[in-house]
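Next come the chains, spelled out residue by residue.
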Amino acid sequence: MQNKYFIQKIILIFLLSCFSIAYSQNTEKMCWAHYVSWGFNSNNLYDTKRRFTQLTDRSILGEWVSTDIGVYSTTRLQIEAAIKYGIDGFCIDVITPESYIGAMKRMYEAAEGFDFKISMCIDPWHDVDTMTSLLEEYFKKYGHHPNNCYLDGKPVFFIYNPGPANQPEDFERFKQVLDKLKNDGYEGYWIVQPMRENTLWDKPEKLKAFLQVFDGLYDFGSNGLMPDQLDTRLDNGRKAIDKYRPGGILVGGITPGYNGPFTGFYRPFGNTKTLRDNWQSCINTNVDWVCITTWNDYIENTHFEPSVWNRDVLLRLNKEYLYKWRGETPISRPAELMVSYHQECDLGDDCTIEIVGLPYTTEQSWCEICLKNVDGKIIKKFPAIELNKNNITIETLRVPEIGLQHETLRMNVFARLVTELNPEAPYKQLYPITIRPSGTLQVRTVRFFLNDILDCQTTFSVNKESNRLTAKAGFESWSWTGKAELLCNSHPIAEKFIAKEGSIRTNVNFDIKDWKGVYPRDEFIIRFSRADGRIFFTKPILIDNYPTGKKVKTNIIVTGSDFDEGWGIWRDRISRLPNNIIRELKVNENEIFSCEFPMDMPKKTITEIGGWSVLTAPGKASKFKIEEEHKPNYIDIIGPEDSKRQALYFDGNDMIALPVRLLPHGSLTVEAWIRPEKSELSSTIFSDRNNGACLQIAPSGKIVAKRSNLQITSTENINDGLWYHVAMVYDGKSLSLYINGKKDSMMPAETKPIRINSIGSIGAADIGLQNYGEYYKGYMGGLCITGRPLEPSEFKLN
């Protein structure tokens, strides 16, 4: 009998050691990706101008990936892609507890048969009983699934949001859930994200409260910080775990930057600098796991999933850092080159083009970058960059004061990779850079893996007659299958599928009726995408929808930094100029952004007539919708000489939401026609959440203009029941206030661009987290925003 127990003990020890080996193999140096479990309907809403659904990229894994209707049918494609790039598992963000089983079911089914882990990420908090009940059902269904990741024999859970206020009392409520689950025989390994993402790493008492309930810390990635701050943050997380939860898991977050549409919130990408800094910090602090944020959150532009404008650059670079972190040797390969830059730049900024070369094992290689204007004239040719065979090559090329030195607002980017065996390799055309004199309209970074760009000669022509647009393109290639997309200002407006055999010439034609244009000057390009994902572009063509002969004077802020370098604390450490300077110049009027909303139109709509296709959303703005009961209404009024007109009437609870990041970054003019009614509070004509510009009426009847931390108040009072034209003008040096075309007051102002202006509102002030107040009451006959300082004779509402 004793021998029997001895044999059973030996078997048990053997099984436990096997489990321990499997455990260590499956958990050491794991790379997770945060995965959004719902779709964004990107097939129908990609790059539209609708207020709450604008997407700036889309997947290239398939037409329906990440759409509302396709998200359940394409999960396996995404898992296969993640495995290709060295990702070990998805933590699945689930918003609704009722969906714990439904949302996770498709993930488990798609992962079965792969060495790929699936873990749930709990997002919003719900009451104790609901959470307990639904998590028990989840444990019963999937608590022992082979695609789970197990620590200490328990399935791993990530927690994005541990409670409504993220305070210790919330953690105690979560502890009640965990205690109830444990009493019923269900235990998990709980890794919490200590919200807010960047602030809790230096609050030891709050970290202690987290770790008295949860098993580890889940960093969601941090951007906008310097490398030493990133290291300190993760070091603090490690110290807290060692003190309060010895042996607990520390997950380092990897994020490329952030560009969310709901709040206008932006954090710098720095081309790929943010991603690289995050990775280096994770390596420096030797985190247990990493989690990239995110795999597929296109709405917040944090996606790593292969996409139209990112391509797979982020995933390739991420995989290279995985090799370093895990101590593995990359595969043998030729030189691989990636190029990143902002698609649009502010006139007066520097432009940076980042070159990343991965280590390689073949012949010595060099990268060359060349910039040309729209006529093909070379603007700048950079010296060849030798690519390091043993380490990642990082080079940032700089064009100082882009657009000013070379007097052009468009630059075509060409890149080539030359080797000892192929010193005359052809240049490949990438996407052009547009320089805006009054603030960028598209702040995204574009990235290209040079091997993806086909070397193909193209022809391209565009013609616009009346409201009809035709475009013709051709290229030389034998049998070819793929599609051609006609892009207008980088947005696809039409596509044609191509499948042909033989004949070296391939032609494609587009014919679009009722085309009215998008901007005063539209840029057209055709992007050809072959079936294997490789692409090439035609040259860009500009079409003027309005005459270009008139040049107007404007003030440009010269910053000495690119868009991201001039951001927050980075400005102090990176900028090459001690102070911004102002340069006055003349540019074509149709290059200056201007949105004009006349509010005396005969139709019951609010139409923008400035030519920049700005859509309004009348009503109160919330995160996912517009509350139309708060929209102003047209009312007949008596105009000059007893004429009947219309004006918008705001009842003191109405507003109009404007698109995200509408306001120009530098000099600007905001003007309005108003007939206010008495209000006990400040009455807001126009405001922007990030304090780029605000125009209000104080309870005293004086006009107040604000920009950043500057405020100017009129000397003149306005009277209820009378019409006034009011305007605030910022010229980079001063802030001025005008009433009925006459300058009322002026004060010096800081010469500084406000890079990201968030959500603009007509008739209300955003007083925090999309809570509105200080509503306007009275009539409004028009509002206009112009991206340059106007003289009174130039006011557009005259």
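Residues numbered from 1 in each chain as written. Predicted model: local features only at pLDDT ≥ 70, side-chain atom pairs only at ≥ 80, totals over all residues. Heavy atoms only, no water.

(A) A look at the packing of aromatic side chains. Evaluated as defined, the whole model comprises 39 aromatic pairs. Ring centres of Tyr 218 and Phe 220 lie 5.8 Å apart, and the angle between their planes is 80°; this geometry places the pair in the edge-to-face category. The pair formed by Tyr 218 and Phe 220 is uniform in burial state, with each residue classed as buried. On the basis of an interplanar angle of 65° and a centroid distance of 4.7 Å, the ring pair of Phe 475 and Phe 528 is categorised as edge-to-face. In this pair, Phe 475 sits in strand β24 (residues 468-476) while Phe 528 sits in strand β28 (residues 521-530), placing the two residues 53 residues apart along the sequence. With a relative accessible area of 0%, Phe 475 lands in the buried category. Of the residues examined, Phe 528 reaches a relative accessible area of 0% and is grouped as buried. Here a set of aromatic residues connected by ring pairs shows up, and it is made of Tyr 108, Tyr 138, Phe 139, Tyr 142, Phe 157, Phe 171, Phe 174, Tyr 186, Trp 190, Phe 210 and Phe 214. One residue, Arg 106, lies across the ring of Tyr 72, its end atom 4.7 Å from the ring centre. (Phe/Tyr/Trp six-rings, centres within 6.5 Å; stacked < 30°, edge-to-face > 60°. Buried < 20%, exposed > 50% of the residue type's maximum accessible area, 1.4 Å probe, protein only. Helix = DSSP H or I, 4+ residues; strand = E, 2+ residues; numbered from the N terminus. Lys NZ or Arg CZ within 6 Å of the ring centre and 35° of its normal.)

(B) A look at the sheet that holds strand β41 (residues 683-688). Judged by pairing direction, the sheet is antiparallel, and its 7 strands sit side by side in the order β34-β39-β48-β41-β42-β43-β44 without closing on themselves. Pairing within the sheet leaves two strands with one partner each, and these edge strands are β34 (617-618) and β44 (710-717). In this sheet, β44 lies alongside strand β43 (residues 702-707) in antiparallel orientation, the contact comprising 5 bridges. Across the sheet, residue Ala 705 finds its bridge partner in β44, namely Ile 712. (Pairing = 2+ DSSP bridges.)

(C) The pattern of salt bridges, seen in detail. Counted by the stated rule, this structure contains 32 salt bridges. Between Arg 689 and Asp 766 there is a salt bridge, and its shortest N-O distance comes to 2.5 Å. Placement of the pair is Arg 689 in the loop between β41 and β42 (694-697) and Asp 766 in strand β49 (residues 765-766), with a sequence separation of 77 residues. Here the two residues Arg 689 and Asp 766 agree in accessibility, since each one is buried. Beyond isolated ion pairs, a larger network of salt bridges with shared partners links Arg 410, Arg 521, Asp 544 and Glu 591. (Salt bridge = Lys/Arg side-chain N within 4 Å of Asp/Glu carboxyl O.)

(D) Quick peek at the sheet that holds strand β22 (residues 445-449). What the 4 strands build is an open sheet, ordered β18-β14-β12-β22; its pairing is antiparallel. Whereas interior strands pair on both sides, the edge strands pair on one side only; in this sheet they are β18 (393-399) and β22. Strand-to-strand twist across the sheet, computed as the mean angle between neighbouring axes with direction ignored, equals 15°. Strand direction decides the pairing type here: strand β12 (residues 336-342) and strand β14 (residues 351-358), joined by 6 bridges, are antiparallel. Bridged to Glu 336 within β14 is Leu 358. Strands β12, β14 and β22 of the sheet are contacted by helix α10 (residues 313-326), whose axis makes an angle of about 70° with β22. (Axes fitted to C-alpha atoms, helices over the stretch in contact; angles between N-to-C directions. Contact = heavy atoms within 4.5 Å.)

(E) Inspection of the nonpolar core at higher detail. Phe 90 and Trp 190 are the most contacted members of the largest nonpolar core, which has 72 residues in total. Those residues in contact with Trp 190, other than ones at most four positions away along the chain, are Ile 122, Leu 135, Phe 139, Phe 157, Ile 159, Leu 178, Leu 181, Phe 214, Asp 215 and Gly 216. With 68 residues, the next largest nonpolar core counts Cys 456, Ile 543, Trp 612 and Leu 737 among its residues. (Core = buried A, V, L, I, M, F, W, Y, C linked by side-chain atoms within 4.5 Å.)

No statement about biological role is implied by the geometric values presented.
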